[in-house]
Amino acid sequence: MSSQDRTGSRRARVIPIAGMAIVGALALSGCTAENKNGWLPSERDTTNHTAGIIDLWVNTWITVLIVGLITWALIIWCIIAYRRRKGATGYPKQTSYNLPLEIFYTLIPLFMVLVFFHFTNVEQESINARNDNPDVTIDVRAKQWSFDFNYLAGNDVKESVYSVGVQAELDGKPFDKSTLPTLYLPVNRSVELQLNSREVIHSFWVPAFLDKKDMLPGKTNYMTLTPTALGTYDGKCAELCGEYHSEMLFNVKVVTQAEFDAHLASLKAKGQTGELTEKYDRNPTAAIADHQKK
Ligand SMILES: [Cu+2]
């Protein structure tokens with residue numbers, strides 16, 4: 001067999017493998033609803049932030065896959081073009097540095113990191129931007145192992161209403177999610193969630209909102225969003241916070257304004273008026289301040 005024949009048969013093997021890889025990649029990129037969303041657990045219109053987050057995620061993947069394909073193609077080309085030929089002896093030609101090449105492969109990745117940083121930062125700034133005048137303000141208090149929700153009515157504490165969360169009791173069997181504490185949000189209204197903790201660090205996570213934020217004792221974090229799709233979403237604590245962390249679950253119900261108002265009225269009718277604030281914390285700052293005065 002001549003070396004020409006051998007090269008031919010190798011090519012005959014490489015081409016089908018490359019073809020299968022390309023067909024596979026195209027099949028995987030066929031447009032289903034899930035992969036248009038980059039397999040994120042959300043839809044473009046779930047909140048005012050989800051479309052931007054999905055675009056950032058999907059476009060980043062497209063960019064890195066294109067860079068990856070170019071890099072893999074160059075690696076495979078080098079392996080084939082500079083393979084050891086039949087009858088070759090000794091070392092191939094040895095070369096040391098190549099300054100233009102080294103500058104190229106330092107500057108291009110640096111440029112890419114800066115571009116990713118820029119777009120991530122723009123998105124993050126828009127997600128974290130606070131609204132000076134939200135339609136609805138809710139003080140969410142995490143506790144071991146559930147959440148209390150205070151629906152605040154401006155400065156008038158008496159007009160505020162609250163709901164008290166109790167942890168889920170999981171025993172490995174399916175359970176009734178409607179028994180979980182439920183945060184009600186009105187659709188298409190701007191919402192500010194004031195995230196607080198009563199004792200240890202928790203984390204407020206609604207996967208469908210593609211947002212998660214720490215809940216720290218003694219410090220309020222803010223989540224500002226406008227839910228734009230009716231529905232019920234799973235929520236959970238995302239920071240290991242003790243023995244029953246896994247049972248620190250809640251629902252988020254995005255409802256019409258009328259249903260939202262009816263829910264607040266039902267809390268009021270049960271006498272759950274006012275706010276469950278820091279006096280129920282394990283170490284309320286007011287109590288500590290009182291103690292220090294004595
Ligand atoms: Cu927790």
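If you're wondering where the values come from, they're calculated on a predicted model, not measured in any experiment.

## Considerations on the sheet that holds strand 1 (residues 136-143)
Next up, step 1: The five strands lie next to each other as 3-2-1-5-8, forming an open sheet whose pairing is mixed. On the outer flanks of this sheet lie strand 3 (161-163) and strand 8 (221-225), each paired with one strand and no other. Averaged over all pairs of adjacent strands, the angle between strand axes in this sheet comes to 20 degrees, irrespective of strand direction.
Next up, step 2: Here strand 2 (residues 146-152) pairs with strand 3 via three bridges, running antiparallel. What sits directly across from Y151, in strand 3, is V161.
Next up, step 3: Strands in contact with helix 5 (residues 257-269) are strand 1, strand 2 and strand 3; relative to strand 3, the strand with the most contacts, it is inclined by about 85 degrees.

## Observations regarding the coordination of the copper ion
Next up, step 1: Around the copper ion, the protein contributes the donor atoms H202 (ND1), C237 (SG), C241 (SG) and M248 (SD), at 2.1 to 2.6 Å from the metal centre.
Next up, step 2: The site at the copper ion holds four donor atoms, and with the angles between them running 89 to 125 degrees, its shape is tetrahedral.
Next up, step 3: With relative accessibility at 0%, the residue M248 sits in the buried group.

## Details of the UniProt feature "transmembrane region" (unreviewed entry) in the protein chain
Next up, step 1: What UniProt calls "transmembrane region" (unreviewed entry) maps, in this numbering, to residues 57-82 and 103-120.
Next up, step 2: With 96% helix and 0% strand, residues 57-82 has its two end C-alpha atoms placed 37 Å apart.
Next up, step 3: In residues 103-120, helix accounts for 100% and strand for 0%; the two terminal C-alpha atoms are 26 Å from one another.

## Brief notes about the sheet that holds strand 10 (residues 249-255)
Next up, step 1: Spatial strand order, 4-10-9-6-7: five strands in an open sheet with mixed pairing. Strands with a single pairing partner mark the edges of an open sheet, and in this sheet they are strand 4 (182-186) and strand 7 (211-215). Going from strand to strand, the sheet's axes swing by 25 degrees on average, the running direction of each strand aside.
Next up, step 2: In this structure, strand 6 (residues 202-206) lies alongside strand 9 (residues 231-237), joined through two bridges in antiparallel fashion. Bridging from a neighbouring strand, W205 pairs with K236 of strand 9.
Next up, step 3: Strand contacts of helix 5: strand 4 and strand 10, with the helix running at about 135 degrees to strand 4, the strand carrying the most contacts.

## Things to note about the pattern of salt bridges
Next up, step 1: A complete count under the given rule lists 10 salt bridges for this structure.
Next up, step 2: In this structure, the salt-bridge partner of E192 is R130, at a minimum N-O distance of 3.2 Å. Linking E192 in strand 5 (residues 191-197) with R130 in the loop between helix 4 (99-128) and strand 1, this pair joins segments that are 62 residues apart in sequence.
Next up, step 3: When salt bridges that share partners are traced, they join D139, R141, K143, D148, R198 and D281 into one network.

## Things to note about unusual backbone geometry
Next up, step 1: In the segment running from Q144 into W145, the intervening peptide bond is cis, with an omega of 5 degrees.
Next up, step 2: One non-glycine residue, W39, lies in the positive phi region at around 60 degrees.
Next up, step 3: Within the element layout of this structure, W39 appears in the loop between helix 2 (33-36) and helix 3 (50-81).
Next up, step 4: The exposure class of W39 is exposed, given its relative accessible area of 61%.
Next up, step 5: Even without a glycine there, the phi angle at N188 is positive, about 60 degrees.
Next up, step 6: Following the sequence through the fold, N188 ends up in the loop between strand 4 and strand 5.
Next up, step 7: Residue N188 is classed as partly exposed on the basis of its relative accessible area, which comes to 48%.

## Some words on helix 5
Next up, step 1: A rise of 1.5 Å per residue sets the reference length of helix 5, with its 13 residues, at 18 Å; its end C-alpha atoms lie 18 Å apart and thus fit the reference within 8%.
Next up, step 2: Turning to helix 5, its buried residues are F260, H263 and L267. The arc enclosing the buried residues of helix 5, seen along the axis, measures out at 60 degrees, which places them on a common side. The exposed residues of helix 5 that point more than 90 degrees off its buried face are A258 and A269.
Next up, step 3: The inward-facing, buried residues of helix 5 abut strand 1, strand 2, strand 3, strand 4 and strand 10.

## Points about the nonpolar core
Next up, step 1: In this structure, F147, L193 and F204 are the most contacted members of the largest nonpolar core, which totals 34 residues.
Next up, step 2: Leaving out residues up to four positions away in the same chain, F147 has contacts with V140, R141, A142, V164, G165, P181, F204, M215, K236, C237, M248 and F250.
Next up, step 3: Membership of the second largest hydrophobic core comes to six residues, among which are L40, I53, I54 and V58.

## Brief notes about the packing of helix 3 against helix 4
Next up, step 1: It is the contact of helix 3 with helix 4, at a shortest axis distance of 10 Å, that shows an interaxial angle of 170 degrees. Taken together, helix 3 and helix 4 sit at an angle that is classed as roughly antiparallel. Two secondary-structure elements touch here, helix 3 through G52, I53, L56, T60, T63, V64 and V67 and helix 4 through M112, F116, F119, T120, E123 and I127.
Next up, step 2: Of the residues contributing to the contact of helix 3 with helix 4, the split by class is eight nonpolar, four polar and one charged.

The rules behind the values
- Just so you know, the residues in each chain are numbered from 1, in the order the chain's sequence is written.
- The model is predicted, so local features are restricted to residues of pLDDT at least 70 and side-chain atom pairs to those at 80 or more, both for listing and for counting; the totals for chains, interfaces and linings are taken over all residues.
- As a convention, hydrogens and water are excluded, and side-chain values are obtained from all of the structure's heavy atoms.
- Here a strand pair is declared whenever DSSP counts at least two bridges between the two strands.
- Runs of E in the DSSP output that reach at least two residues are strands. Runs of H or I that reach at least four are helices, and both are numbered from the N terminus.
- Orientation is described by lines fitted to C-alpha atoms, with helices fitted over the stretch in contact, and by angles between N-to-C directions that extend from 0 to 180 degrees.
- By definition in these notes, contact holds between two residues if any of their heavy atoms fall within 4.5 Å.
- Note that water is not among the atoms considered, so a metal site may appear incomplete; the donors listed are N, O and S atoms within 2.8 Å of the metal, with 3.2 Å applied to Na, K and Ca.
- Geometry assignment treats four donors as tetrahedral when all angles are between 85 and 135 degrees, treats four as square planar and six as octahedral when opposite donors are over 155 degrees apart and all others between 65 and 115, and treats everything else as irregular.
- Note on classification: 1.4 Å probe, protein chains only; a residue is buried when its accessible area is under 20% of the maximum for its type, exposed when over 50%, partly exposed between these limits.
- UniProt positions are given in the numbering used here, feature names are shortened, and annotations may be inferred rather than shown by experiment.
- Any Lys or Arg side-chain nitrogen found within 4 Å of a carboxyl oxygen on Asp or Glu counts as a salt bridge.
- Given a helix with a known number of residues, its expected span is that number minus one, times 1.5 Å.
- In this description, the arc belongs to the directions extending from the helix axis to the C-beta atoms.
- We define the nonpolar core as a collection of buried residues of types Ala, Val, Leu, Ile, Met, Phe, Trp, Tyr and Cys that are connected through side-chain atoms lying within 4.5 Å of one another.
- Any angle that falls under 35 degrees is termed roughly parallel, while one over 145 is termed roughly antiparallel, one within 65 to 115 roughly perpendicular, and all others oblique.
- Side-chain classes are defined by residue name, with Ala, Val, Leu, Ile, Met, Phe, Trp, Tyr, Cys and Pro counting as nonpolar, Asp, Glu, Lys and Arg as charged, and the others, Gly among them, as polar.

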